[in-house]
Structures are given as C-alpha cells and as structure tokens.
Amino acid sequence: MNLLVIIAVCFFGSLLSLTLAYLFSKLKMVNYADYFVSFAVGTLLGAAFLEIIPHAYELSRDLHQISLIVLIGILVFFILEKLLVWRHCHGSHCENHSPVVNHDVKKGSILIIGDCFHNFIDGILISSAFIVDINLGLITALAIIVHEIPQEISNFSILINSGYSLSRTLVMNIVTGCAMILGAILAYFVLNDLEFLIPMILAFAASSMIYVAISDLIPSLHQKVEIKQTLQQTFSIFLGVLIIYFLHSLIH
C-alpha cells in the first residue's frame, strides 16, 4: 500500500505542476510564477527544519553525523550546480538555460537532463520520507511539489523560447516527471532492505531543500526590490512556513 501511495503522490505532483505550467504558458502568465517561488521557499525551509531534520535525528541518535551529512549535502549540490546538472530555473529568464544563438537545442537538452536528474532525486527523497512515516512523506511531497510548480512553468518558457514546439515541450516535461516516479520506486525497494541508510537519506533530503531555497529561489526574489513586491514575497514565505508548521501540529 505504501508503494501505491508513493506512486500516486509522485504522479499527482508531476501532473499538477505540468498542468499549471501548460496553462500559464498558454495564458502568458509566466510572471505570476514568482508567487509560487516565494511560497516554495517557505515550504522547503519549513519541511527541512521542522520535519525532516528532526526525524533524521530521532532515527539516528547521532546528531553530529546527521549535521555533517546536511553540510556535505549542501556542498555536493554546490558542485552539481557548477556542473550544470542540478541547476533549476524558476523564472522566465535563466542565465544557465537561456537561449543563445545557434545553441538553443543544446541549452534545451541540458535543461531536460538536469531536470530528469533532479526529479529522480526528488523521487528518492519522497520515497524515503514515506518509508519512515506516511505523514512525513506527505509533508515532504507537498514541499517538493510546490517547488516543482514554478520550475515547470519556467521550463515551459525556456524550452519554447529555445525553439521547441508546445507539443514537444509537453513530451519533454512528461519524461522528466516519469524520472521522479522511477526514483521513488527504486528507492522504495532498496531502502526497505537497507533501513540504516534512511536517516542519512533524510539528512541529504534536507540539504537539498535548504540549498534549493537559499541558492536558487531566494536570489531570484531579490531581483524585485519594490516595497510592494518585497511584502508580497515575505508574506508568501511566511505562509509556506506556517502551513508546514500547522500540518506538523495537526499531525502530532
């Protein structure tokens, strides 16, 4: 039953983000993705610090080991981003994947490869959280899905601007969504036999969320510095944290 729930959650998350990305692209509303970005910052940080890291501490009992893995994870994602494998884009413009003359298809290919890898890792993180506790799995999945929405909206914009047709863009994003389901299924069978790895995987999940929020999402928010926009961003971030906190209190 756990495996079916994991697959259903990953499928629903991918379908939701893909549907919203398609609608935003058709209605020319890409700029509204900023609201999702701010909200995603709050949910990612809230899930990492209020749910995932505490659960990792409880399972491991070795606080120093878990803290070390979180630190190592952040450094690993820094290196992956330097290799352009992990880099996510959350706006209509992205210097890593923006179209360049005679290099449009190559940029699109890099984006697809990076998102397949990222979604595969997200699937592993969701599966590991569900193995520990279904409530932890749901909160982790919520944070990841919220983060996926602005990512998919951005992907649509970048791929279409790179010369991809709308139908081909849809197919490419369906492929990246399947990578999440594949990662979740593989992790489920592997981690059920290697349960001692789960606290370390959770710590790695937390480092992923922290790094994405701090390195990818927040810098994009700093590009808009007007008071009204700053207040909207701050409100959305706190709303994301409060929802995670509310779910945590409700569950426990």
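All values reported here derive from a predicted model rather than from experimental measurement.

Quick word on the UniProt feature "transmembrane region" (unreviewed entry) in the protein
Moving on, step 1. The UniProt record annotates "transmembrane region" (unreviewed entry) at residues 6-24, 36-57, 63-80, 170-190, 196-214 and 235-251.
Moving on, step 2. In this annotation, residues 36-57 is assigned 100% helix and 0% strand; the end-to-end C-alpha distance for the span is 30 Å.
Moving on, step 3. Secondary structure across residues 63-80 divides into 100% helix and 0% strand, with the first and last C-alpha atoms of the span separated by 26 Å.

Re the nonpolar core
Moving on, step 1. Core analysis: the largest hydrophobic core is formed by 49 residues, its most contacted members being Cys-10, Leu-44, Ile-52, Ile-126, Leu-202, Met-209 and Leu-217.
Moving on, step 2. Secondary structure elements with two or more residues in this core: helix H1 (2-26), helix H2 (33-60), helix H3 (63-82), helix H4 (104-132), helix H5 (134-161), helix H6 (166-193) and helix H7 (198-221).
Moving on, step 3. Here Ile-126 is in contact with Cys-10, Ala-141, Ile-144 and Met-180, once residues within four sequence places are set aside.

Examining the side chain of Ser-17
Moving on, step 1. Here Ser-17 lies in helix H1.
Moving on, step 2. A relative accessible area of 3% places Ser-17 in the buried class.
Moving on, step 3. A distance of 3.1 Å separates a polar atom in the side chain of Ser-17 from the backbone oxygen of Gly-13.
Moving on, step 4. Within the structure, Ser-17 has its side chain in polar contact with the backbone oxygen of Ser-14 (distance 3.0 Å).
Moving on, step 5. Not counting chain neighbours up to four residues away, the residues in contact with Ser-17 comprise Glu-148, Ile-149 and Glu-152.

As for H5
Moving on, step 1. With 28 residues, H5 extends 40 Å between its outermost C-alpha atoms, agreeing within 8% with the 40 Å of an ideal straight helix rising 1.5 Å per residue.
Moving on, step 2. For H5, the buried fraction is high: 22 of the 28 residues fall into the buried class.
Moving on, step 3. Measuring from the backbone nitrogen of Asn-135 back to the side-chain oxygen at the start of H5 gives 3.0 Å, which picks out Asp-133 as the cap.
Moving on, step 4. Downstream of H5 by one or two residues, Gly-163 has phi in the positive range, about 105°.

Points about a nonpolar patch on the surface
Moving on, step 1. Among the surface-exposed residues, Leu-68, Leu-71, Ile-72 and Leu-75 lie close enough to one another that they form a single nonpolar patch of about 370 Å² accessible area.
Moving on, step 2. Mapped onto the elements of the fold, Leu-71 is located in helix H3.
Moving on, step 3. For Leu-71, a relative accessible area of 48% translates into the label partly exposed.

Quick notes on the packing of H5 against H6
Moving on, step 1. At a closest axis distance of 10 Å, the pairing of H5 and H6 adopts a crossing angle of 150°. Regarding the angle of H5 to H6, the classification is roughly antiparallel. When you trace H5 past H6, the crossing you get is right-handed. Contact with H5, carried on its side by Ile-144, Glu-148, Glu-152, Asn-155, Phe-156, Leu-159 and Ile-160, involves Leu-166, Thr-169, Leu-170, Met-172, Asn-173, Thr-176 and Met-180 of H6 and no other residues of that element.
Moving on, step 2. Partitioning the contact of H5 with H6 into residue classes produces eight nonpolar, four polar and two charged.

Remarks on the confidence of the model for the protein
Moving on, step 1. Taken residue by residue, the protein gives an average pLDDT of 79. The fraction at 70 or more is 85%.
Moving on, step 2. Mean pLDDT across the elements of the protein ranges from a minimum in H4, with 76, to a maximum in H3, with 88.

Description of H3
Moving on, step 1. When the terminal C-alpha atoms of H3 are compared, their 29 Å separation across 20 residues agrees well with the 28 Å that a helix rising 1.5 Å per residue should span.
Moving on, step 2. Every buried residue of H3 is listed here: Ile-66, Ile-69, Val-70, Gly-73, Phe-77, Leu-80 and Glu-81. Here the buried residues of H3 occupy an arc of 105° about the axis, which is enough to place them on one side. The exposed residues of H3 that point more than 90 degrees off its buried face are His-64, Ile-79 and Lys-82.

Quick word on the packing of aromatic side chains
Moving on, step 1. Under the criterion given, the structure shown has three aromatic pairs.
Moving on, step 2. A ring pair is formed by Phe-77 and Phe-204, whose centres lie 4.9 Å apart and whose planes are at 40°; its orientation type is tilted. Of this pair, Phe-77 sits in helix H3 while Phe-204 sits in helix H7; the two residues are 127 residues apart in sequence, bridging distant segments of the chain.
Moving on, step 3. Classification of Phe-77 by relative accessible area gives buried; the value is 1%.
Moving on, step 4. A relative accessible area of 25% means that Phe-204 is categorised as partly exposed.
Moving on, step 5. On the basis of an interplanar angle of 85° and a centroid distance of 5.4 Å, the ring pair of Tyr-188 and Phe-189 is categorised as edge-to-face.
Moving on, step 6. Assessed through its relative accessible area of 17%, Tyr-188 is described here as buried.
Moving on, step 7. Residue class for Phe-189 comes out partly exposed when judged on its relative accessible area of 49%.

About the cut-offs
- Residues numbered from 1 in each chain as written.
- Predicted model: local features only at pLDDT ≥ 70, side-chain atom pairs only at ≥ 80, totals over all residues.
- Heavy atoms only, no water.
- UniProt positions renumbered as here; feature names shortened; annotations may be inferred.
- Helix = DSSP H or I, 4+ residues; strand = E, 2+ residues; numbered from the N terminus.
- Core = buried A, V, L, I, M, F, W, Y, C linked by side-chain atoms within 4.5 Å.
- Buried < 20%, exposed > 50% of the residue type's maximum accessible area, 1.4 Å probe, protein only.
- Contact = heavy atoms within 4.5 Å.
- Polar contact = N/O pair within 3.5 Å; in protein donor to acceptor, adjacent residues only side chain to side chain.
- Expected span 1.5 Å × (residues − 1).
- Patch = residues over 30% accessible without salt bridge, like charges linked within 9 Å, V, L, I, M, F, W, Y side chains within 5 Å.
- Areas by Shrake-Rupley, 256 points an atom, 1.4 Å probe, with all protein chains shown as cover.
- Salt bridge = Lys/Arg side-chain N within 4 Å of Asp/Glu carboxyl O.
- Axes fitted to C-alpha atoms, helices over the stretch in contact; angles between N-to-C directions.
- Parallel < 35°, antiparallel > 145°, perpendicular 65-115°, else oblique.
- Left-handed = near helix turned anticlockwise from the far one by under 90°.
- Nonpolar A, V, L, I, M, F, W, Y, C, P; charged D, E, K, R; others polar.
- pLDDT = per-residue confidence, 0-100.
- Arc of directions from axis to C-beta.
- Phe/Tyr/Trp six-rings, centres within 6.5 Å; stacked < 30°, edge-to-face > 60°.

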